[in-house]
Protein chains: 2
Amino acid sequence: MMSVAVITYDRDMGRWEPNARGRLEQAALELYAERGFEQTTVAEIAERAGLTERTFFRHFADKREVLFAGGEILRELLVGAVAGAPEFAAPIEAAGAALEAAGSMIQERREYSRQRQAVIAANASLQERELIKLASLASALAEALRQRGVGEPAASLTAEAGIAVFKIAFERWIGGTSQPGLPQLIRESLDELKAVTAGR
Amino acid sequence: MMSVAVITYDRDMGRWEPNARGRLEQAALELYAERGFEQTTVAEIAERAGLTERTFFRHFADKREVLFAGGEILRELLVGAVAGAPEFAAPIEAAGAALEAAGSMIQERREYSRQRQAVIAANASLQERELIKLASLASALAEALRQRGVGEPAASLTAEAGIAVFKIAFERWIGGTSQPGLPQLIRESLDELKAVTAGR
């Protein structure tokens, strides 16, 4: 879903460029890994991708957005999945199903996710941005639960706990080698959360 | 506990100053509220407190630390309370007791907390810093649980869920008027988390 190819017309190079966005992403990740995020310029990313800066800026507001544009897609997917959960599903089950759906989407791009995570881990300001992204996903999830009629503080608690489950499952997935897929790790982590809150 | 008076010798003014730290904090909060955090200088904070810049820098590394120095105290309190919980307490109960203890400490400084929260809410970079503080409290809590022999991912899940409970209880407490105290709101939020994860 995130890897849909889009053909972009590069005015400066005077040709249609297949999957310009994906090429820019890949070039950016390579350069961030090689030189560091701070040391990489948009001009270098465009050059590595064989595209122009103008094309870069048609896809991304700045070099940081290359790493965080997926957050918006994730937010929409979570909100849509919560809204679409069976009417009588408990809030935690609606949130869990949404997080598993997000996990399936992320899992399709494991190598991208791993590269992205390494770049973020190497840069304090990107780590901050990632925390903000997670906090805003929790807010969106809470709002989607309130739209289903879940009251407060139940909606916020479910959303925050859900994002905690997601975060920990993601860390296990990205750090592991031969292990279960991300959706399964999310399910297992949610079960573990149920166990720990039950005092086990 | 956080309001212990300390007498500081102000070399430039050539006198001993009672509770210089508290006066600097209060002056800083007033100025941040009046002028905004970015627009306030350390010189202005010192002047408002009737102290010198040199004295300011003996207490705080910079003007941001005035708002975040308490995070370290909170971390130590949480870690100590988890370590001191009864040997057979379930992880979630050990974490809950620690968070209630933190809540008691914060509650002693309600007006300070309210002013601080208003300053943070008005500034995006301070909000980021607050998220980082919460994330580092969750890490410290997880480590304290592992020291008790709690495995992973149970320790991290308990810690993240605990910090989520704390955050939501704090928001309810700081936003409310005549309501229960913070420790009680933490207890209630933890009970609510137990209920939502149990699918209720």
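Use the structure listed above.
Now for a look at the structure at hand. (Residues numbered from 1 in each chain as written. Chains lettered and ligands numbered in written order. Predicted model: local features only at pLDDT ≥ 70, side-chain atom pairs only at ≥ 80, totals over all residues. Heavy atoms only, no water.)

1. Some details on the overall build of chain A
A tally of regular secondary structure across chain A gives ten helices and two strands. Tracing chain A from N to C terminus, the helices and strands come up as β-β-α-α-α-α-α-α-α-α-α-α. Taken along the three principal axes of its C-alpha coordinates, chain A extends 60 × 30 × 30 Å. Counting the 200 residues in chain A, one finds 48% classified as buried. Partitioning the contacts of chain A with sequence separation of at least 6, the portion at a separation of at least 24 is 61%. (Helix = DSSP H or I, 4+ residues; strand = E, 2+ residues; numbered from the N terminus. Buried < 20%, exposed > 50% of the residue type's maximum accessible area, 1.4 Å probe, protein only. Contact = heavy atoms within 4.5 Å.)

2. Quick word on the interface of chain A and chain B
One widely used convention gives an interface's size as the accessible area the parts lose upon coming together. Chain A puts 27 residues into the contact, and the matching count from chain B is 27 residues. Note on chain A versus chain B: buried area summed over both sides is about 2,500 Å², and carbon and sulfur give 77% of it. When the buried surface of chain A facing chain B is broken down by residue, L157, I168 and T197 of chain A rank first, second and third, together holding 24% of it. Counting the contacts that link chain A with chain B gives two salt bridges. (Buried area = accessible area lost by both parts, 1.4 Å probe. Salt bridge = Lys/Arg side-chain N within 4 Å of Asp/Glu carboxyl O.)

3. Notes on the packing of helix 8 (residues 124-147) of chain A against helix 9 (residues 154-175) of chain A
Residues and elements named next belong to chain A. Packing of helix 8 against helix 9 brings their axes to within 8 Å, and their N-to-C directions diverge by 135 degrees. Overall, the two elements helix 8 and helix 9 adopt an arrangement that is oblique. As for how helix 8 packs across helix 9, the hand of that crossing is right-handed. Residues L134, L137, A138, L141, A142, L145 and R146 of helix 8 touch helix 9, and the partners they reach there are A155, S156, T158, A159, E160, I163, F166 and K167. Residues that form the contact of helix 8 with helix 9 fall into these classes: ten nonpolar, two polar and three charged. (Axes fitted to C-alpha atoms, helices over the stretch in contact; angles between N-to-C directions. Parallel < 35°, antiparallel > 145°, perpendicular 65-115°, else oblique. Left-handed = near helix turned anticlockwise from the far one by under 90°. Nonpolar A, V, L, I, M, F, W, Y, C, P; charged D, E, K, R; others polar.)

4. Some thoughts on the packing of helix 7 (residues 110-121) of chain A against helix 9 of chain A
All names here are of chain A. Contact geometry for helix 7 and helix 9: axes closest at 10 Å, N-to-C directions at 100 degrees. Of the possible angle classes, the one that applies to helix 7 and helix 9 is roughly perpendicular. Facing R110, S113, R114 and Q117 of helix 7, the residues of helix 9 in contact are F170, W173 and I174. When grouped by side-chain class, the residues that make up the contact of helix 7 with helix 9 number three nonpolar, two polar and two charged.

5. A closer look at the relation of the copies chain A and chain B
Once chain A is rotated about the relating axis by 180 degrees and shifted along it by 0.0 Å, it coincides with chain B to within an RMSD of 0.0 Å. The two molecules are tied by a two-fold rotation axis, judged by turn and shift. Considering only C-alpha atoms, the part of chain A nearest the rotation axis is A161 of chain A, at 2.7 Å. (Least-squares fit on C-alpha atoms with pLDDT ≥ 70 in both.)

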